[in-house]
Each structure stands twice: as C-alpha cells, then as structure tokens.
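# Descriptive analysis of the structure
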Number of protein chains: 2
Amino acid sequence: MTTLMSAGELETALRDLGAARYHNRHPFHRMLHGGKLNKRQVQAWALNRYCYQAHIPIKDASLIARIDDPDLRRQWRQRLVDHDGTQKGDGGIARWIALTDGLDLDRALVVSMRAALPATRFAVQAYVQFVREKPLLEAIASSLTELFSPNIISERVSGMLSHYDFITPETLAYFNARLDQAPRDADFALDYVKRHARTPEQQSAVIAALGFKCDVLWAQLDALHHAYVNPGLIPPGALGHDGVWP
Amino acid sequence: MTTLMSAGELETALRDLGAARYHNRHPFHRMLHGGKLNKRQVQAWALNRYCYQAHIPIKDASLIARIDDPDLRRQWRQRLVDHDGTQKGDGGIARWIALTDGLDLDRALVVSMRAALPATRFAVQAYVQFVREKPLLEAIASSLTELFSPNIISERVSGMLSHYDFITPETLAYFNARLDQAPRDADFALDYVKRHARTPEQQSAVIAALGFKCDVLWAQLDALHHAYVNPGLIPPGALGHDGVWP
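Residues numbered from 1 in each chain as written. Chains lettered and ligands numbered in written order. Predicted model: local features only at pLDDT ≥ 70, side-chain atom pairs only at ≥ 80, totals over all residues. Heavy atoms only, no water.

### Quick look at the packing of aromatic side chains
How two aromatic rings sit relative to each other is given by the distance of their centres and the angle of their planes. In total, this model carries 22 aromatic pairs over all chains according to the counting rule given. Consider the rings of Phe-130 of chain B and Phe-212 of chain B, whose centres lie 4.2 Å apart with planes at 10°: the pair is stacked. Pair noted here: Phe-130 of chain B is in helix H7 (residues 118-133) and Phe-212 of chain B is in helix H11 (residues 200-228), with a separation of 82 residues, a long-range link. You can call Phe-130 of chain B buried: its relative accessible area is 10%. On the numbers, 5.2 Å between centres and 85° between planes, the contact of Tyr-174 of chain B with Phe-175 of chain B is edge-to-face. A residue is classified by how much of its surface remains accessible, and Phe-175 of chain B, at 0% relative accessible area, is buried. Through a chain of ring-to-ring contacts, three or more aromatic side chains come together here, namely Trp-45, Trp-96, Tyr-174 and Phe-175 of chain A. If you follow Arg-79 of chain A out to its NZ or CZ, it ends over the ring of Trp-76 of chain A, 3.8 Å from the centre. (Phe/Tyr/Trp six-rings, centres within 6.5 Å; stacked < 30°, edge-to-face > 60°. Helix = DSSP H or I, 4+ residues; strand = E, 2+ residues; numbered from the N terminus. Buried < 20%, exposed > 50% of the residue type's maximum accessible area, 1.4 Å probe, protein only. Lys NZ or Arg CZ within 6 Å of the ring centre and 35° of its normal.)

Listed below in structure tokens is the structure:
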C-alpha cells in the first residue's frame with residue numbers, strides 16, 4: 001500500500017476484504033444455516049463460541065483501558081453494557097447461555113470452557129492480545145467484522161428456526177439483540193478508522209487488522225469443522241473426545 | 001488433585017499424559033512418517049512449523065527474563081544458543097531453513113510467515129503468552145513435551161528418509177541435533193518441576209501445563225490436517241489457498 005486512499009476507497013477496501021474472508025463463506029456456517037448439522041454439531045458450535053462471547057467484554061475493557069478520550073471511552077463502554085447487561089441474567093453472554101441451555105448443554109461445562117477446542121481458546125486469546133498490544137487504531141479496526149454480521153445473523157436465525165426442531169425463537173434471542181447493536185457499533189468504528197487512518201501505512205494496518213480478525217473467526221470454524229464434521233478428529237479433552245458427550 | 005504425590009508419582013503422571021496426548025498420536029504425524037503425504041503436504045508442514053521454531057527462542061528469552069537465579073538463567077540460556085547458534089547460519093532455526101530450502105520452499109516466504117495457517121500463529125502465540133504470564137514453575141513445565149520427542153524424532157528421520165525421495169539426510173540435520181539437545185533439556189526441566197512442585201496444587205498445575213503444551217502441538221497438526229489432507233479447506237491467505245502454491 002503506497003498511496004493514500006480516500007475515506008471512501010478505504011471503506012471499499014474493507015468491505016471487499018470482508019466479502020472475501022468473512023466467515024459466512026466457511027462451509028461450517030453454510031451447513032449450520034442450511035440445516036445440515038445434527039444436534040451435537042450445533043452443540044459443539046454453541047459451546048465453543050461461548051469462549052469467544054465470554055472474552056468480548058474482556059477485549060472491550062482492554063480497549064477502553066487504552067483510550068485517553070472520555071468521549072471515546074464512554075462510547076465504547078456501551079459494548080460492555082450490551083454483553084454484560086445491567087443486572088444478573090441480562091446481556092449478550094446471558095443470552096448466549098440461554099442458547100446453550102436450549103441445546104441441553106450443561107451450563108457449568110459451558111462456562112468452564114474446559115470442553116472447548118484448544119484452537120478456539122488460542123484464536124480467542126490472539127484476539128484479546130491483539131487488542132491489548134496493537135496501536136489503538138488497529139485495535140478498533142479489528143472490531144469491523146461487525147460490518148458484515150447483520151446479513152449472517154438474518155440468515156442464521158431464519159435458517160436455524162426452519163431447519164432444526166431443537167431451536168426456538170427464545171434460544172436465538174442473542175442474535176435479535178445483535179441485529180440492532182452490531183450496525184451501531186460497526187458504523188461508529190468504521191467512521192473512526194476512516195477519520196484516523198491518515199497515512200497509507202495506517203490504512204494498510206487497518207485493513208490488515210480486519211484480515212486478522214477474519215482469521216480469528218475463520219480459524220474457529222475450521223477447528224469445529226475438523227473436529228465435528230470432517231474428518232471428525234476431536235482433540236483430547238474436547239467435547240466428544242473418545243465418545244464422551246454430556 | 002487433592003493429595004501430594006511423590007516426585008516419582010508426579011513423573012509417572014506426566015509421562016502418562018504424554019503417552020495419551022503427545023502429538024505423535026496425531027494422524028498427520030503418522031502420515032508424515034509413514035510416507036503417506038505428498039511433497040506439498042510436507043511443504044505445508046515445514047512452512048507452518050517454521051513459525052513454531054522461530055518463536056522458541058522468543059519463548060525461552062521470555063522465560064529467562066523472569067528468572068532471578070543466575071544459575072538457572074545460565075542453564076536455560078543454552079536453549080538460545082541451540083536455536084540461534086553461535087554465528088549466522090548456525091543453530092536450530094538455520095537448520096529448519098535448510099529443511100524448507102531442501103523442500104524447494106521460497107526462503108523469504110517461509111521467514112515472512114505470511115503463508116502459514118492462522119491457527120498455527122494463534123497456537124504459537126498462546127505458547128509464548130503462557131510462558132510470559134504463568135508462574136515460572138508452569139512456564140518451565142510447559143517445555144516438558146521434550147521428554148517425548150526423541151522417539152518421534154527417530155521415527156520421523158528414518159520414516160521420511162525411506163519414504164520421500166525429496167528428503168535427504170542434510171535437510172533433516174535439525175532433528176539429529178535435537179536428539180542430543182532435547183533429552184538434556186527435558187531431564188533438567190523434569191528435575192526442576194519434581195523438586196519445585198511441592199503442593200498438590202503446584203503438581204496439578206505442572207500437569208496442566210504439560211497438557212496445555214500438548215494442545216499447542218496437537219492444534220498445529222489439526223490445522224495442517226484440516227487444510228491440507230482432509231477436507232482440504234485451506235483458509236484464505238494461507239499456502240495453497242485458491243491453488244496458489246510457490
């Protein structure tokens with residue numbers, strides 16, 4: 001990247017990257033939405049993704065901790081409210097547990113994260129670390145996958161409700177909330193990077209940050225696909241290894 | 001873990017864990033040693049494992065940086081010498097590059113690490129982070145996979161030489177050096193944890209640290225197997241995605 005893009009060109013580059021690399025293109029997601037998974041495979045997805053969900057407020061608090069501007073901190077704080085709620089049993093993580101409850105997963109097992117795939121934990125940890133250590137502009141840019149989530153959420157909710165008799169509207173409450181939250185968050189972050197990426201190097205770093213985040217999401221589906229679809233190689237210790245299933 | 005084990009019982013528990021979870025049990029390794037991989041699959045293994053090799057001295061320096069005892073620092077320093085050598089072109093990383101050279105991989109591509117699987121990077125980063133952040137006893141214990149490496153190395157060298165016409169003794173020089181280094185390092189670390197894990201909690205943490213490290217190695221082979229063997233889903237950006245192969 002040697003020339004400065006306009007803000008509009010940067011947005012186009014980010015959207016092109018998402019079109020190529022966002023995890024809606026992963027075969028596991030197509031199977032999930034298309035009703036091609038059995039209940040255990042959906043359980044594995046929900047249990048593993050809990051690890052991701054559980055670390056989002058940790059990631060966001062790490063980011064807030066690096067911001068000097070009270071206005072920007074206040075803006076980003078809404079993400080903590082969305083995920084952790086305003087009282088016990090409220091918020092995105094509680095809604096994710098409603099999903100794993102609805103899938104008949106043991107809540108203590110889910111929350112312990114010990115039956116999750118190591119690859120899930122490593123990817124989630126890489127995301128938290130990225131937000132802690134990279135320049136603030138890149139840390140904010142790594143949230144931009146939310147630009148692409150409304151489409152996938154709509155597909156997911158309608159596809160899962162129509163294909164799986166073990167899925168109810170109540171268990172998918174998480175996604176309904178995200179349909180409003182994600183675009184608001186993504187618009188803010190996109191506007192931020194468009195205003196603050198002022199050199200070709202910064203623009204390039206912003207695009208790379210979104211690529212990194214696409215990798216984080218993609219690697220989680222790779223691990224699920226490898227363990228629970230094909231070839232079905234569940235690593236030692238993870239949900240279902242040696243036939244051990246709750 | 002509620003009762004204190006003897007040092008000998010702790011060693012047995014560690015060896016049992018390795019017998020169950022060390023990556024010599026992974027199907028990708030069995031294929032690698034048994035001549036069941038094609039050259040591109042061996043290339044993918046060597047290119048990805050370069051990321052692991054390249055981070056070992058960073059991991060070891062992070063560990064040395066946390067040690068107060070000059071004797072222990074000096075002892076651990078030998079690992080830096082082994083991997084980085086005493087002059088340019090010497091040491092374990094240079095020997096790994098001799099392997100990737102021998103496999104006709106572009107050296108700049110290997111060293112850039114940009115064609116490696118994201119899951120490889122995440123696993124390697126998790127290892128470095130573990131050594132940086134966990135108590136020193138656990139950081140040292142995470143090196144104990146070397147207890148199990150001499151067997152796998154012997155199998156690997158003889159299996160690869162007999163099965164692959166693109167592999168020569170010179171390209172496998174890395175492993176010959178490790179046959180002496182790994183047991184020396186492993187014996188030291190094993191003795192250390194046997195002397196310093198003095199409570200049931202510490203013994204349990206030492207075992208968990210070895211389990212974590214087994215996960216780090218296993219996850220790397222999972223990712224290779226998923227991308228390059230079955231189902232052959234190479235993530236965007238990684239070696240061979242969209243048929244792009246150097």
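So, next bit.
### A look at the confidence of the model for chain A
When the pLDDT values of chain A are averaged, the result is 94; 99% of them are 70 or greater. Of the two predicted TM-score estimates for the complex, the pTM is 0.91 and the ipTM is 0.86. (pLDDT = per-residue confidence, 0-100.)

### Some points on helix H10 (residues 173-196) of chain A
Residue and element names in this part refer to chain A. With 24 residues, H10 should cover 34 Å at 1.5 Å per step; its first-to-last C-alpha distance of 35 Å lies within 8% of that length. Along H10, the sharpest change in direction is near 35° and occurs at Leu-179; proline Pro-183 comes one to four residues later. Buried within H10 are the following residues: Tyr-174, Phe-175, Ala-177, Arg-178, Gln-181, Ala-182, Asp-185, Ala-186, Ala-189, Leu-190, Tyr-192 and Val-193. (Expected span 1.5 Å × (residues − 1). Bend = angle between axes of the 7 residues up to and from the residue.)

### Some thoughts on the relation of the copies chain A and chain B
A rotation about some axis, followed by a shift along it, carries one copy of the chain onto the other. You can overlay chain A on chain B at an RMSD of 0.0 Å; the transform is a turn of 180° with a shift of 0.0 Å along its axis. In symmetry terms, the pair is related by a two-fold rotation axis. When the interface residues of chain A are mapped onto chain B, 100% of them again lie at the interface, so the same face is used by both copies. (Least-squares fit on C-alpha atoms with pLDDT ≥ 70 in both. Contact = heavy atoms within 4.5 Å.)

### Here we look at the packing of helix H4 (residues 70-84) of chain B against helix H10 (residues 173-196) of chain B
Residues and elements named next belong to chain B. As a packed pair, H4 and H10 sit with axes 11 Å apart at the nearest point and diverge in direction by 160°. As far as their axial angle goes, H10 and H4 are roughly antiparallel. Seen from above, H4 lies across H10 with left-handed handedness. Taken together, the residues of H10 that come into contact with H4 (itself represented by Leu-72, Gln-75, Trp-76, Gln-78, Arg-79, Asp-82 and His-83) are Tyr-174, Arg-178, Gln-181, Arg-184, Asp-185, Phe-188, Ala-189 and Tyr-192. When grouped by side-chain class, the residues that make up the contact of H4 with H10 number six nonpolar, four polar and five charged. (Axes fitted to C-alpha atoms, helices over the stretch in contact; angles between N-to-C directions. Parallel < 35°, antiparallel > 145°, perpendicular 65-115°, else oblique. Left-handed = near helix turned anticlockwise from the far one by under 90°. Nonpolar A, V, L, I, M, F, W, Y, C, P; charged D, E, K, R; others polar.)

### Some details on the nonpolar core
Residues Trp-45, Val-193 and Tyr-228 of chain A together with Trp-45, Val-193 and Tyr-228 of chain B are the most contacted members of the largest nonpolar core, which totals 168 residues. In this structure, Trp-45 of chain A is in contact with Phe-28, His-29, Leu-32, Trp-96, Leu-99, Arg-156, Met-160, Phe-175, Leu-221 and Leu-224 of chain A, ignoring residues within four places of it in sequence. (Core = buried A, V, L, I, M, F, W, Y, C linked by side-chain atoms within 4.5 Å.)

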